[in-house]
Structure formats: C-alpha cells, structure tokens
Amino acid sequence: VHGPPDYRAFKAMHVSLLRSVHRTTDPARAHFFFVPTWDFHGSWGNPEVYLRAHRYVVTHWPFWNVSGGEDHIWVVTRDAGTCSTPWGTVWEQLRSSIILSNWGGITGLGGVPTERCFDVTRDLVVPGVLRANIVRSSPFISFYRSAATAAEAAAMAAASPAPWANRKTLLFFHGALCWQIYDKVRDEHGLKRKCKQKHGFIDHYSFGVRYEIWRRFHHEPHFELRATDLLPPPSHISLDEAMTHSLFCLCPSGTGWGMRVFHSATLGCIPVILQDDGRYPSVLQAFEGLLLDYDEFTVRLEAHQLPKLPSILRNIVGNATRMAAIRVALLRMWTRLLWRVALARPEAKALAGAPDAFESVMAALELRRRHGLKLAN
C-alpha cells in the first residue's frame, strides 16, 4: 500500500471489519453501512475519491436514499479530516454521514471553521496507525506477554518501577515549529521571522503553540525542545528512546492531526495536549467523551494555561498520588489507540485480550446507536 503509514486508518478499519463478527452481508440486519475509500493523498488534496465513491453508492445501491446517508460510515484520514480546503469540499456528499476522522477540530487548515469539519454530534475521532516497531519498543509490552489477562498486565506494569525508571527529561518535543516545515533558519531571529510569515490557508500551524512554547521555554531546565526548523539541525537521536526517558511529551497539532499522543502514550510518556487557540473549542482526541476521559491519563491544557506550563508539570510530578493515578489510567487505555491489525504478530498476540482501536470504534458506534446524541452532548 502506498502513502504514509500514519494515514492508513482507512485500511486498518476496512481490513478489521472484513475479519470481524460485526460484519454482515445482509443489509436488512445492518445498523450501519461502511463505505471503503482507500485515500492515498495523505495530508490533503483533491477529494475526488470521496466524490466518486458517493456517486457510486448513491446510484448503485438503494440504502443511501433510505436514510439520506445518515447510517453510512466513511473514514477520512487527511490532516483536517473532511474540512473544506482550496482543493475542494465534500459538504454536499458527506454532510449527513458519519465520519471516522483523525482530526477532531471544528477548524480547517486555516484555523477557522469551514464546511463539513468535525461534527461532535455525528462523527468519531479515531487514532492514526502507529508503526509496529514503536509498539515493540513499548515498556508495557513485556507485561502483556507474561500476564494471563490484559487487566493483570496493566496492573503489573502500573505497580512495577521498570516502565517509569530513568525518565530524567521533564518535557520532550522534537519537530518543526512553523510552516513551511522544510524551510530552515539559522537563529532565533530567523525563526521569529519564519513563524510570522503568511501562507494563505495555513496561517495557524499548530495554533502557534509549538513556536510559543519553544520561544518561552527552550532554556527551561529539564525541557528538551528540539526545533527541526533550525540549522544546524538537532543531533540524530532515537525518538523512541528519548520518549522512554521522558516524563511528559508535548503533543501539539500541526497542519492538522498528528501521531504524538498515540506514540508517547505507547512509550509511557504522559501526553501534554495543547491543541487550542483560545477562540474555538479544543481539538477532540480519539474516542474522547464517549470512551476515554483524557483528563485522567494526559495533561490537557488550554491556550491561557501555556505560560504556566513548567509549574503545571512540576506540580504534577511533585504529587506522587496524581502521577500514580495518571499512569494507572494510561495503562488502562493505551491499547485503544492501537490498531491490532497493523501490529506484528508477536505484539498482536500479546495484546489480543486488550481492546484496540477497532473494538473501540465498534463500542462507540453502539453507544451512539443506543443513546443517540445524549453522550455526545
């Protein structure tokens, strides 16, 4: 399969469903209709694949017209989900359907609301596809190989000092601070100029969070904030190893959604999520609200809290009870951010008893089916 692996939730969902007991070939028994669209554009681009799929479904099958498409499910993994872009819109085609999207924001690539962005009353946020080698590096995986049940493995890992040892970095981040990510500068003045540049529809990269945190705190003790915009570039390191030696990992947005929340949670680094511009609602995360309470296992911040970031993190570290509770919650949910179908066989077998992203999608859809919009509201 071509295209970036991170964006392949459309494949993971489709293959998982084909292998699942939840699938039926009898439309009379179906609660939902899944529309498989394998979109290899990655970040953004022409929405033609969805327009063609919609035309095919509407003209070849009677089911769309029965419900107006309300019971049809699409997976859209582009950076800003189904939000309209300069390349086109899917408003007319998908406005009534259920979207499984990696982006839970009501704003598009330009940082403002556009047609058919995430609808909390209808859509679901799902995780991207984490590479199998990252899961293999998880400090938790050995407990799942030896325990009789997933619950026992989570309890053993929470009680063991091993997954949490040698974490000397308070906050870790590695990545570009501003758009364009491939434009490099040589000093802080150049970085400031770069981050003030206008790029049309991408003028709100990460809501400005990446640059602002780096500007304020790149000299903060025990903060390792590695800006790839700067020359010379940061020295080469293993990101997995760096994250397993960090207490917290910064997980901002970029042009849209990213992999950092899933990556850091899998490696035991507590995600610090600041995907908020102070104007519009914070970006919802995978299964947030329906299945997962992100306040339990991450540090969830809003824009106005950014200046207090160091003291917030140090206060949490200083509270042993709070840290223990976060880690227990993290171990209770981290497998829900993984697609089992994308794992190598040993890890898939070890995690067989733990709920994964596909099973979480099924559970979330069942909640929606039974309770309508009550939980979403």
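Parameters and conventions
Residues numbered from 1 in each chain as written. Predicted model: local features only at pLDDT ≥ 70, side-chain atom pairs only at ≥ 80, totals over all residues. Heavy atoms only, no water. Helix = DSSP H or I, 4+ residues; strand = E, 2+ residues; numbered from the N terminus. Rg over C-alpha atoms; globule rule 2.2 N^0.38 Å. Buried < 20%, exposed > 50% of the residue type's maximum accessible area, 1.4 Å probe, protein only. Areas by Shrake-Rupley, 256 points an atom, 1.4 Å probe, with all protein chains shown as cover. Lys, Arg positive; Asp, Glu negative; His and termini not counted. Charge placed at Lys NZ, Arg CZ, Asp CG, Glu CD. Pairing = 2+ DSSP bridges. Phe/Tyr/Trp six-rings, centres within 6.5 Å; stacked < 30°, edge-to-face > 60°. Disulfide = S-S within 2.5 Å. Polar contact = N/O pair within 3.5 Å; in protein donor to acceptor, adjacent residues only side chain to side chain. Contact = heavy atoms within 4.5 Å. Salt bridge = Lys/Arg side-chain N within 4 Å of Asp/Glu carboxyl O.

## Some points on the overall build of the protein chain
Turning to step 1, where the next piece is worked out: Check the secondary structure of the protein chain and you find 16 helices and 9 strands.
Turning to step 2, where the next piece is worked out: The C-alpha radius of gyration computed for the protein chain amounts to 21 Å, which stays within 12% of the reference 21 Å derived for 377 residues, consistent with globular compactness.
Turning to step 3, where the next piece is worked out: A burial count over the protein chain gives 53% of its 377 residues as buried.
Turning to step 4, where the next piece is worked out: Summed over its atoms, the accessible surface of the protein chain is roughly 17,400 Å², and 54% of this surface lies on carbon and sulfur atoms.
Turning to step 5, where the next piece is worked out: Within the protein chain, one finds 43 positive and 33 negative side-chain charges whose respective centroids are separated by 3 Å.

## Some remarks on the sheet that holds strand E4 (residues 124-125)
Turning to step 1, where the next piece is worked out: Taken in spatial order, the 4 strands of this open sheet run E1-E2-E3-E4, and their pairing is parallel. The outermost strands of the open sheet, each flanked by one partner alone, are strand E1 (33-35) and E4.
Turning to step 2, where the next piece is worked out: Direction of pairing for strand E3 (residues 98-101) relative to E4: parallel, over a ladder of 2 bridges. When the bridges of E4 are listed, Ser-101 appears paired with Val-125.

## Overview of the packing of aromatic side chains
Turning to step 1, where the next piece is worked out: Within the structure shown, the criterion is met by 13 aromatic pairs.
Turning to step 2, where the next piece is worked out: The interplanar angle of 65 degrees and the centroid separation of 5.3 Å between the aromatic rings of Phe-140 and Trp-334 together place this pair among those described as edge-to-face. In this pair, Phe-140 is assigned in the loop between helix H5 (132-136) and helix H6 (141-146) and Trp-334 in the loop between helix H14 (320-333) and helix H15 (345-350), connecting sequence segments 194 residues apart. Each member of the pair, Phe-140 as well as Trp-334, is classed as buried.
Turning to step 3, where the next piece is worked out: Summarising the aromatic geometry, the rings of Tyr-144 and Trp-334 are spaced 5.6 Å apart at their centres and angled 70 degrees between planes, so their arrangement reads as edge-to-face. With Tyr-144 in helix H6 and Trp-334 in the loop between H14 and H15, this residue pair connects regions lying 190 residues apart in the sequence. Trp-334 shares its class with Tyr-144; the two are buried.
Turning to step 4, where the next piece is worked out: Ring pairs connect the aromatic residues Trp-44, Trp-87, Trp-179 and Tyr-205, which therefore count as one cluster.

## Considerations on the state of the cysteines
Turning to step 1, where the next piece is worked out: For the structure shown, the criterion picks out 3 disulfides.
Turning to step 2, where the next piece is worked out: Cys-83 shares a disulfide with Cys-117; S-S distance 2.0 Å. Taking the sign of the torsion about the S-S bond as the criterion, the disulfide between Cys-83 and Cys-117, at about 130 degrees, is right-handed. On the criterion of sequence distance, the pair formed by Cys-83 in the loop between strand E2 (72-76) and helix H4 (91-94) and Cys-117 in the loop between E3 and E4 is long-range, its members being 34 residues apart. Of the two residues, Cys-83 and Cys-117, both sit in the buried class.

## Focus: the side chain of Thr-77
Turning to step 1, where the next piece is worked out: Along the chain, Thr-77 falls in the loop between E2 and H4.
Turning to step 2, where the next piece is worked out: Looking at Thr-77, its side chain comes within polar contact range of the main-chain oxygen of Tyr-7, at 2.9 Å.
Turning to step 3, where the next piece is worked out: Leaving out residues up to four positions away in the same chain, Thr-77 has contacts with Tyr-7, Ala-9, Phe-10, Gly-42, Tyr-50, Asn-102 and Trp-257.

## What to know about the side chain of Arg-336
Turning to step 1, where the next piece is worked out: Relative to the elements of secondary structure, Arg-336 occurs in the loop between H14 and H15.
Turning to step 2, where the next piece is worked out: Glu-359 is the oppositely charged side chain nearest to the buried, salt-bridge-free Arg-336, at an N-O distance of 6.6 Å.
Turning to step 3, where the next piece is worked out: Residues contacting Arg-336, with those up to four places away along its chain left out, are Pro-127, Phe-287, Leu-291, Leu-292, Pro-355, Asp-356, Ala-357 and Ser-360.

## As for the pairing of strand E6 (residues 223-227)
Turning to step 1, where the next piece is worked out: With 4 of its 5 residues buried, E6 lies for the most part within the structure.
Turning to step 2, where the next piece is worked out: Two strands pair when backbone bridges link them, and strand E5 (residues 169-175) and E6 are joined in this way by 5 bridges, in the parallel orientation. Looking at the pairing, Phe-172 lines up with Glu-224 of E6.

## Description of the environment of Arg-167
Turning to step 1, where the next piece is worked out: Of note, Arg-167 is situated in the loop between helix H7 (150-159) and E5.
Turning to step 2, where the next piece is worked out: Taking relative accessible area as the criterion, Arg-167 reaches 8% and is therefore assigned buried.
Turning to step 3, where the next piece is worked out: It is 16 Å that separates the C-alpha atoms of Arg-167 and Asn-315, two residues lying 148 residues apart in sequence.
Turning to step 4, where the next piece is worked out: Excluding residues that lie within four positions of it along the chain, Arg-167 makes contacts with Pro-139, Met-243, Thr-244, His-245, Ser-246, Leu-247, Leu-267, Gly-268 and Cys-269.
Turning to step 5, where the next piece is worked out: Side-chain polar atoms of Arg-167 contact the backbone oxygen of Ser-246, separated by 2.8 Å.

## A look at the pattern of salt bridges
Turning to step 1, where the next piece is worked out: Under the counting rule described, the total for this entry stands at 19 salt bridges.
Turning to step 2, where the next piece is worked out: Residue Asp-356 pairs with Arg-340 through a salt bridge whose shortest N-O separation is 3.8 Å. Residue Asp-356 is found in the loop between H15 and helix H16 (357-371), and its partner Arg-340 is found in the loop between H14 and H15; the two are separated by 16 residues along the sequence. Residues Asp-356 and Arg-340 agree in their burial class; the two are buried.
Turning to step 3, where the next piece is worked out: Residues Arg-369 and Glu-366 are paired through a salt bridge, measuring 2.9 Å at the closest nitrogen-oxygen approach. Here Arg-369 pairs with Glu-366, and both are found in helix H16, just 3 residues apart, close to one helical turn.

So, to be careful, I would describe these as geometric facts and stop short of saying anything about function.
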